[in-house]
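Next come the chains, spelled out residue by residue.
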Amino acid sequence: MISKLVVIGVGLIGGSLACALRKAGEVERVVGVGRGIANLEQAVALGVIDSYSQDAAQAVADADMVVIGATLGSTADILARIAPALEPHAIVTDVGSTKASVVAAARAALGAQFSRFVPGHPIAGTEHSGAQAAFAELYVGHRVILTPEADTDAQALATVQSMWQATGARVTQMSVTDHDRVL
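Values in this document were obtained by computation on a predicted structure and should not be read as measured data.

K.L.:
Describe in detail the side chain of Lys4, supporting the description with residues and values.
P.N.:
Along the chain, Lys4 turns up in strand β1 (residues 2-8). Within the structure, Lys4 has its side chain in polar contact with the backbone oxygen of Ala59 (distance 2.7 Å). Side-chain polar atoms of Lys4 contact the side chain of Asp62, separated by 2.5 Å.

Structure representation (structure tokens):
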């Protein structure tokens, strides 16, 4: 059970993850982070998230799971901003479509906490975007690829894998190099 899930980027992918985990009874509280107040307010009104913040560091202060669902170009900045505020037990994962640059950014920003970072890529989506596009069944039967590193904490990896499995996704693992070459 995830006590506090923080979703940075409450759109189709991050919002659907929150919806799926809520439906499965796997999360107690969901905090959304984003730039657009209207989208965040809509996410609360739709029940996708419970509350929101525009300050990612403030939002992750007592989180046990942080999912970065923002654009790939913003991932390094987000990681740098949240790193000082993360609890030692917090797990961080992402949903980006490429992994090498994300892993490098996470290693640089998270330092000793890098072992609690589990890179991920859900292979699912629709043509819609924003919180209003989120739905709990998005991941059912779809593949999620995790690309752990040699120094990824085994318990963090198992927790992220279980999280995705709770959404109905089929979880597989591959190396960062293989992922980026294939996808």
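That shown, we press on.
K.L.:
Could you give me a rundown of the environment of Gly36, with the residues and numbers involved?
P.N.:
Note on placement: Gly36 falls in the loop between β2 (27-33) and α2 (37-45). A residue is classified by how much of its surface remains accessible, and Gly36, at 36% relative accessible area, is partly exposed. Along the primary structure Gly36 and Gly9 are separated by 27 residues, whereas in three dimensions their C-alpha atoms are 9.6 Å apart.

K.L.:
Describe in detail the packing of helix α4 (residues 72-82) against helix α5 (residues 100-110), supporting the description with residues and values.
P.N.:
Relative placement of two packed helices is described by the angle separating their axes and the distance separating the axes. Contact geometry of α4 with α5 gives a least axis separation of 8 Å together with a crossing angle of 15°. As the angle between them shows, α4 and α5 are arranged roughly parallel. α5 is crossed by α4, and the crossing has right-handed handedness. Contacts between α4 and α5 involve Leu72, Thr75, Ala76, Leu79 and Ala80 on the former and, on the latter, Val102, Ala105, Ala106, Ala109 and Leu110.

K.L.:
An account of the sheet that holds strand β5 (residues 91-94) is needed here, citing residue identities and associated values.
P.N.:
Two modes of strand pairing occur in sheets, parallel and antiparallel, and in both the strands are linked by backbone hydrogen bonds. Across the sheet, six strands lie side by side as β3-β2-β1-β4-β5-β6; this open sheet has parallel pairing. The sheet is open, and its two edges are formed by β3 (51-53) and β6 (117-118), each paired on a single side. With four bridges joining them, strand β4 (residues 65-68) and β5 adopt parallel strand pairing. Each residue of the ladder has a partner; that of Val67, found in β5, is Thr93. Strands in contact with α2 are β2 and β3; relative to β3, the strand with the most contacts, it is inclined by about 160°. Along the sheet, α4 makes contact with β1, β4 and β5, crossing β4 at roughly 155°.

Reading guide: rules and limits
- Residues numbered from 1 in each chain as written.
- Predicted model: local features only at pLDDT ≥ 70, side-chain atom pairs only at ≥ 80, totals over all residues.
- Heavy atoms only, no water.
- Helix = DSSP H or I, 4+ residues; strand = E, 2+ residues; numbered from the N terminus.
- Polar contact = N/O pair within 3.5 Å; in protein donor to acceptor, adjacent residues only side chain to side chain.
- Buried < 20%, exposed > 50% of the residue type's maximum accessible area, 1.4 Å probe, protein only.
- Axes fitted to C-alpha atoms, helices over the stretch in contact; angles between N-to-C directions.
- Parallel < 35°, antiparallel > 145°, perpendicular 65-115°, else oblique.
- Left-handed = near helix turned anticlockwise from the far one by under 90°.
- Contact = heavy atoms within 4.5 Å.
- Pairing = 2+ DSSP bridges.

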